[in-house]
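Each chain is listed here by its residues.
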Amino acid sequence: MINNFIRGMMISFLFFFYSSSQAQPNYNIKMMSWNLLNFPGASTAADSTLRCPYFRTVVNYVEPDIMVTMENTSANGASWILSNVMNSGTSHYSQGTFINGYDSDNAIYYKDSLFQFISNVPIQTALRDISHYTLSFIPTGDTIHIFVVHLKASQGYEQNRYDEVALLRQVTNLFPAETNFLVAGDFNIYSSFEPAYGALLQDNSNDDGNFLDPIVMNGTWNYYPFAQYHTQSTRILQFGGGSTGGLNDRFDMILFSNAVQKPRGVYYLPGSTGVVGNDGLHFNKAMNNGMNSSVPLSVANALYGASDHLPVYLTLQIGPTTDVTESSFDKSIAVFPNPSEGTFSVQLNAFSKSKVSLIITDLTGRKCFELVDYPVLEGNNLIQLDLSKNVMEGLYLLSITDGKVVVNKKLSIY
């Protein structure tokens, strides 16, 4: 006969096992941003043969879940990075849509077991496009907007960089509050006093489009106290183009929206920002000069040979948190027909009588339709919408929320 103590232990174990098996995990997602230094250059075949092994060494060392790149000089070159670098290890990556704009271009690579690519909508500037990538995180359905920039280089062009950031803010300022978005790339900003940097961080009372910098760096950045955050240049000697002078500029960054700093859904893991290969001891030196205490010698040499920029990274934690209560409806929502001519139905199974809101935005984040506090009953609910007179043909994002969780669906209207 089992005594009460053993019976209690068995019940506790079964309860713990059941609770653990039902819990949704948190996912740690590493995002990396890298200026590839005009890849491929004039000698296409030689550049691919020489530099792809360097890129491959770094990517296999960092193992990013998302990587965005700048200074891609051709669609073929971006595809070579996918086939010869990203998919050279055990993980499998896909590439988002590549758009060939004026001057060099950006690219995005992501683990397709974790993300679904939705769109690339360029923001045209006077020099290079700002890429607006949208991804959906498959395990949770969370939508993430990633902007990739390569702002005008050199001192004396502060106004040009400000003008480019102003165009970016025109897009992010239209996002609904609590939208998950980030901006990454080569900003070519020299100090916290630059107008472009101020415009990125400017917090307006009538929008939620500002960015947050996880690193507080007040002042001019190309000085020794900020050495651990410098990303250019990896070199002292000139070879293969690019800048020299050693590590002394913080040009490469990843910033994020207000929603991403909150511990729910898509969340920046505090303290996870870093520069690959910068040990803080190579100010005004080549980053593989002597010993590099932050990476193995093979990685230091690869970073030196690959580009004049070091990659930057951060970690996003995606999943449930303690301050988020359970949804009042089943997240397995059906939308049909999809594609449609603008008339469609949303089938939703509610766990109890409640209210939901439906928001439709285009791929720039502009709100096109909103249905607030729509009452639903326990059980199956069918919400019919007619947008044929409200929206044009194209791709849209449908967000359904009860104020606790948000479920996003891609919507195609023809």
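In case you missed it, the structure is sitting above this.
Predicted model, so just to flag it, every value in this text is computed and none were measured.

Visitor: Tell me about the overall build of the protein, and name the residues and values.
Guide: Scanning the protein from terminus to terminus reveals six helices and 19 strands. Expected size for 414 residues packed as a compact globule is a radius of gyration near 22 Å; at 24 Å, the protein falls within 12% of this value. If you line up the protein on its principal axes, its C-alpha atoms span 70 × 70 × 40 Å. Here the protein holds 414 residues, and 52% of them are scored as buried. Residue pairs in contact within the protein that sit at least 24 positions apart in sequence constitute 68% of those at least 6 positions apart.

Visitor: Residue-level account of the pattern of salt bridges, with values.
Guide: Per the counting criterion, the structure on display carries nine salt bridges. A salt bridge links arginine 161 to glutamate 194, with the nearest nitrogen and oxygen atoms 3.0 Å apart. Taken together, the residues span a long stretch of sequence, with arginine 161 in helix 4 (residues 158-172) and glutamate 194 in the loop between strand 8 (181-186) and helix 5 (195-201) at a distance of 33 residues. Each member of the pair, arginine 161 as well as glutamate 194, is classed as buried.

Visitor: Can you explain the packing of helix 2 (residues 44-62) against helix 3 (residues 75-84)? Please cite residues and give values.
Guide: One way to put it is that helix 2 packs onto helix 3 with a least axis distance of 10 Å and a crossing angle of 40°. Of the possible angle classes, the one that applies to helix 2 and helix 3 is oblique. Helix-helix and strand crossings are classified by hand; for helix 2 and helix 3 the assignment is right-handed. Only Trp80, Ile81 and Asn84 of helix 3 make contact with helix 2, whose side of the interface consists of Thr44, Ser48, Cys52, Phe55 and Arg56.

Visitor: Provide a residue-level description of the sheet that holds strand 7 (residues 143-150), including the pertinent values.
Guide: Reading across the sheet, the five strands line up as 5-6-7-8-9 and stay open at both edges, with mixed pairing between neighbours. Edge positions in the sheet fall to strand 5 (115-120) and strand 9 (252-256), since each has one partner strand and no second. On average, each strand axis in the sheet is inclined to that of its neighbour by 20°, with strand direction left out of account. The strands touched by helix 4 are strand 6 (131-137), strand 7 and strand 8; relative to strand 7, the strand with the most contacts, the crossing angle is about 170°.

Visitor: Give me unusual backbone geometry: which residues, what numbers.
Guide: Here the amide bond leading from glutamine 232 into serine 233 is cis, since omega sits at 5°, within 30 degrees of zero. The omega torsion across asparagine 338 and proline 339 is 15°, close enough to zero to call that bond cis. Here proline 339 is to be found in the loop between strand 13 (334-336) and strand 14 (343-350). Phi is positive for aspartate 103, which is not a glycine, with a value near 65°. Within the secondary structure layout, aspartate 103 lies in the loop between strand 3 (93-95) and strand 4 (105-111).

Visitor: Could you give me a rundown of the environment of glutamate 178, with the residues and numbers involved?
Guide: Looking at the element boundaries, glutamate 178 is found in the loop between helix 4 and strand 8. Sequence-distant contacts of glutamate 178, defined by excluding residues within four places in its chain, comprise Asp208, Ala259, Lys262 and Arg264. A polar side-chain atom of glutamate 178 sits 2.8 Å from a polar atom in the side chain of lysine 262.

Visitor: Give a description of the side chain of asparagine 248 that names residues and reports values.
Guide: Inspection of the secondary structure assignment puts asparagine 248 in the loop between helix 5 and strand 9. Within the structure, asparagine 248 has its side chain in polar contact with the backbone oxygen of glycine 245 (distance 3.5 Å). Contacts of asparagine 248, omitting those with residues within four sequence positions, involve Trp221, Asn222, His230, Gln232, Ser233, Phe283 and Asn284.

Visitor: Outline the environment of glycine 305, listing residues and values.
Guide: Within the secondary structure layout, glycine 305 lies in helix 6 (residues 297-306). Put simply, glycine 305 and tyrosine 54 are 251 residues apart on the chain and 6.6 Å apart in space, counted from C-alpha to C-alpha. Excluding anything up to four places from it in sequence, glycine 305 contacts Arg51, Tyr54, Arg235 and Phe239.

Visitor: Before we move on, can you summarise the packing of helix 2 against helix 6 with the specific residues and values?
Guide: At a minimum axis separation of 8 Å, helix 2 and helix 6 run at an interaxial angle of 135°. Between helix 2 and helix 6, the angle is such that the two are oblique. For the element pair helix 2 and helix 6, the recorded crossing hand is left-handed. Counting all contacts with helix 2, which are made through Arg51, Tyr54, Phe55, Thr57, Val58 and Tyr61, the residues of helix 6 involved are Ser298, Val299, Asn301, Ala302, Leu303, Gly305 and Ala306. When grouped by side-chain class, the residues that make up the contact of helix 2 with helix 6 number eight nonpolar, four polar and one charged.

What counts as what
Residue numbers restart at each chain and count upward from 1, following the sequence in its written direction. Totals for whole chains, interfaces and linings use every residue, but because this is a predicted model, local features are given only for residues with pLDDT of at least 70 and side-chain atom pairs only at 80 or more, for both listing and counting. Hydrogens and water are ignored here; the side-chain numbers use all heavy atoms of the structure. Put simply, DSSP H or I for four residues or longer makes a helix, DSSP E for two residues or longer makes a strand, and each gets a number counted from the N terminus. For the radius of gyration, the atom set is restricted to C-alpha positions; the globular benchmark scales as 2.2 Å times the number of residues to the power 0.38. The rule is simple: take the accessible area with a 1.4 Å probe, protein chains only, and divide by the maximum for that residue type; under 20% is buried, over 50% is exposed, in between is partly exposed. For this analysis, residues touch if any pair of their heavy atoms sits within 4.5 Å. Definition used for salt bridges: Asp or Glu carboxyl oxygen within 4 Å of a side-chain nitrogen of Lys or Arg. Only C-alpha atoms enter the line fits that serve as axes; for helices the fit covers just the stretch in contact. Angles between N-to-C directions range over 0 to 180 degrees. If an angle is under 35 degrees, it is roughly parallel; if it is over 145, roughly antiparallel; if it lies from 65 to 115, roughly perpendicular; otherwise it is oblique. Whether a crossing is left-handed or right-handed is set by the direction in which the near helix is turned from the far one by less than a right angle, anticlockwise for left-handed and clockwise for right-handed. In short, DSSP must find at least two bridges between two strands for them to pair. Identification of polar contacts relies on pairs of N or O atoms within 3.5 Å, with a donor-acceptor requirement for protein atoms, meaning one able to donate a hydrogen and the other able to accept it, and with residues adjacent in sequence counted only if both atoms are side-chain atoms. Gly is put with the polar residues, along with every residue not named as nonpolar or charged; the nonpolar set is Ala, Val, Leu, Ile, Met, Phe, Trp, Tyr, Cys and Pro, and the charged set is Asp, Glu, Lys and Arg.

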